[in-house]
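# A closer look at the structure
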Amino acid sequence: VDDSKLEMDKIDHTQFGTSLGTGLINSEVEELRSSIRAAASNGGFDIKKYGSEGISHLYPLWLLKYLPNMPACHISIFFDAQGPSNSITTGDTASIQAIGEGFRVILRKDADIMITGGAGSKINPLAYVQYYLLGKLVTEDGDSKTVYKVFDRDRKGVIVGEGSGILVLEELESAKARGARIHAELVGFGGAFDAYSVVGVHPEGRGIRDAMGHALEDASLSPGDIDLVIAHGLGTKDSDVAECKALKTVFGENGVPVTALKPMLGYATSPCGAFEAITGILAMNHNRIPPLINLDEVDSDCSGVNFVTKPTEVADIRHVLINAFGFGGQAASMIFRKYEE
Amino acid sequence: MVSPLGIGLEASWKALCAGTNAIDWITIFDASSFPTRIAAEVRDFDFDKLLEGENSYVGLGRNSQFALIASQEAVKDAGLVDGNYDPEKTGVYLGAGEGTMDFKSFFNVLFDSSPDNHVDMQKFFDGFVHSLDKMKELQQEPNIPAAHIAIRYNARGINCNTLTACAASSQATGEAMEIIRHGDADVMIAGGTHSMIHPFGIMGFNLLTAITTRNDPPDKAMRPFDLKRDGFVLGEGSSILILEELEHAKARGARIYAELIGYGSTADAYRATDSHPEGRGAIATVRRALADAQVAPEEIDYINAHGTSTVINDKVETLAVKEIFGDHAWKVPMSSIKSMLGHLIAAAGATELIVCIKAINDGIIPPTINYEYEDPECDLDYVPNVARKKQVNVVMSNSFGFGGQNVALIVRRYPWQT
């Protein structure tokens, strides 16, 4: 919001909204410990005792901390944003869908300005057990800087990240009228579903393939117009292979340059799409591609994709496409254009 | 619809029109020592018996089970079958809550791993890895019910889930309509599902003093707009609607129940726990919905209230309706079916919207039960205690979520000539 130079006394707060991608917030076990220990009876946990004793060990607003709509609620209070407010909870796809919905809200004139993006943290003991059970996590010892590999033959699993990425979307004429610095233009959004399995990814990457197609159509662009893709690049076999198949279907063999950020930032679930969107915009404005690190030997099932493994300067990046898809099967894709007056 | 008053829309609707109360002692877990011991539970729900066709589901949470059965009824009723809808132009948008944790394992493992004044993480990890089921854990993610529905019906269009507390399924339905309006889908499966009848749900709402502790008798606890109201009672369930682009529905000869014509969404931007005292957000939301629907306030024939039976909500909602509707506020019936179903949280809004549509179709307004003592600050026509026969054509449903998200939806009789 600081960067957008919005003047809070000059904007219409009823046309100022929020659309965030958030997720399930796991219970914090240290916080619950004393209430659970208070339920001791005959050396074990007793639900009856918990019901009568446990409550006094928790603070009044305890439940609020676990409601995924609270980040958007607090942002709306902080900036007095009285327009539409939504919190989208579709895991890895959440923040791209939230930015996309914010985009649509502005298009239909329900708001002039939307604070969008995502926030989350899965660096939590319970979340770690869940990821471990699902076989997602890196478990072997090694150099933490190089162990998270995506699209690599020797991938070891994922490493969890956390954080928040926020973009201020504004109707173009409104931004121009107040002389705002415009970082980029959001020109296309597409969502799809792979309709395969809640635990696996469709082997052809059908969901993300369709989402890319819809985003291109929405932007009235053809695949050849895209200069850079920031891939979802999760680092599990099925997800990596599916995404590469989808990329090859849309962009052809060794087509558009592709990078991915998760080996650097970790796998942050709900905010990861916002990180990638913001990075994509910076890449365009600096004509520099951040590298896909730790990719030593491309998985043969991921071959034919033009991975950018070194920091690369290029003549011009005019359009960048961002991918997000995940557990469950939701998929979304988004296209930004370099802003030129 | 899967509601505490019945499995299936007709069963639930009949019970609502009869003023039936679903609130009773909690049986889902031993709540006998909790401050609140009552809820509106979905009883006699046998997923395996209710599910038609192949059943290969593993580890489903209560919310996914409810959503699969409710969507099964909706899809069948809408006559959607292979070939009469385009999978790529069919999406799902739910307001589904988080799935219920495996509390038994969680409590025992955390208890056993923290005998001293800290959690022994090695014990905690080992204990959990042995006691948790990975499928049950996965099913807790709020995007999973929408995924199950979309896989079952091969809905490959946009798939989304919102969790804006008590406004979630209304917001999902409104945004699903916007997706159709924008041309991204022909058909959207929309609605919500939720159950918070579990130890953390009860305890969390007790700590916030949002739910009533007036346990006995259970059927008198929930009393929206009544002077002696002091909080809500939790309910659970799922409601699913099939939204379809009008010409698409007509072309395939679908039975059209009503037309969704207005949606408004705003934020209070006031407090995380309380509504704005003058109903600023609620008023703005209703005005947005009216403008979107292009109807005047006087054209609204019935309001399905958010009506949570908390002191503040019912007062502010009444205030907002007076501000928007002026003299018409006293003429338009406004009832809260939460008096009978409890508060379905994320699933509440879609349940209430379906009831609005049934009111249009059947000419019956379901009542606000337990209305005994008049509150001078709540002096509108709340359809006290007994359902009313009345033809209604344009109907509004309000939903105001914890955190300040407000949604209003407007539906109109179909066909409709002005």
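Scroll up to find the structure this text is about.
In short, a report on the structure. (Residues numbered from 1 in each chain as written. Chains lettered and ligands numbered in written order. Predicted model: local features only at pLDDT ≥ 70, side-chain atom pairs only at ≥ 80, totals over all residues. Heavy atoms only, no water.)

Moving on: the overall build of chain B. The number of helices and strands found in chain B is 14 helices and 15 strands. For 418 residues, the compact-globule estimate of 2.2 N^0.38 gives 22 Å, and the C-alpha radius of gyration of chain B, at 21 Å, lies within 12% of that figure. Considering chain B as a whole, with its 418 residues, one finds that 65% of them fall into the buried category. Of the contacts made within chain B by residues no fewer than 6 positions apart, 76% connect residues no fewer than 24 positions apart. Charge separation in chain B, taken as the distance between the mean sites of 36 positive and 55 negative side-chain charges, equals 4 Å. (Helix = DSSP H or I, 4+ residues; strand = E, 2+ residues; numbered from the N terminus. Rg over C-alpha atoms; globule rule 2.2 N^0.38 Å. Buried < 20%, exposed > 50% of the residue type's maximum accessible area, 1.4 Å probe, protein only. Contact = heavy atoms within 4.5 Å. Lys, Arg positive; Asp, Glu negative; His and termini not counted. Charge placed at Lys NZ, Arg CZ, Asp CG, Glu CD.)

Let us look at the interface of chain A and chain B. Opposite the 80 residues of chain A that make contact, chain B presents 81 residues. Between chain A and chain B lies a buried interface of about 6800 Å² when both sides are counted; carbon and sulfur atoms form 65% of it. For the interface between chain A and chain B, the tally reads seven salt bridges. The salt bridge involving Lys122(A) is made with Glu141(B); its shortest N-O contact spans 3.3 Å. Between the two partners, chain A and chain B, sit 36 residue pairs in polar contact (both at pLDDT 80 or more). When its residues are assigned to classes, the side of chain A that touches chain B shows 40 nonpolar, 25 polar and 15 charged. (Buried area = accessible area lost by both parts, 1.4 Å probe. Salt bridge = Lys/Arg side-chain N within 4 Å of Asp/Glu carboxyl O. Polar contact = N/O pair within 3.5 Å; in protein donor to acceptor, adjacent residues only side chain to side chain. Nonpolar A, V, L, I, M, F, W, Y, C, P; charged D, E, K, R; others polar.)

It is generally the case that most residues other than glycine have a negative phi and that most peptide bonds are trans. The step from Asp216(B) to Pro217(B) runs through a cis peptide bond, and the omega angle for that step is 0°. Turning to its location among the elements, Pro217(B) is positioned in the loop between α9 (199-207) and β8 (236-244). For the bond from Tyr414(B) to Pro415(B), the omega torsion is -5°, close enough to zero to count as cis. With respect to the helices and strands, Pro415(B) occurs in the segment after β15 (405-412). Phi at Asn294(A) is positive, roughly 65°, even though this residue is not glycine.

This brings us to the nonpolar core. Among the nonpolar cores identified, the biggest contains 136 residues, and Phe336(A), Phe106(B) and Phe205(B) are the most heavily contacted of them. The element that contributes the greatest number of residues to this core is helix α14 (residues 348-362) of chain B, accounting for nine residues. With residues near it in sequence (within four places) discarded, Phe336(A) still touches Leu167(A), Ala184(A), Glu185(A), Leu186(A), Val187(A), Ala277(A), Ile281(A), Met284(A), Arg318(A), His319(A), Val320(A) and Ile322(A). Of all hydrophobic cores here, the second largest spans 41 residues; its members include Ala211(A), Met212(A), Cys244(A) and Tyr267(A). (Core = buried A, V, L, I, M, F, W, Y, C linked by side-chain atoms within 4.5 Å.)

Further remarks concern the sheet that holds strand β9 (residues 257-259) of chain A. All names here are of chain A. The six strands lie next to each other as β7-β14-β13-β8-β9-β11, forming an open sheet whose pairing is mixed. Among the strands making up the open sheet, the edge pair consists of β7 (184-193) and β11 (306-307). Looking at chain direction, strand β13 (residues 319-325) and strand β14 (residues 330-338) are connected through seven bridges and run antiparallel. What sits directly across from Leu-321, in β14, is Ile-335. Most of the contacts of helix α10 (residues 272-286) go to β13, to which it runs at about 165°, and overall it touches β7, β8 (228-230), β13 and β14. (Pairing = 2+ DSSP bridges. Axes fitted to C-alpha atoms, helices over the stretch in contact; angles between N-to-C directions.)

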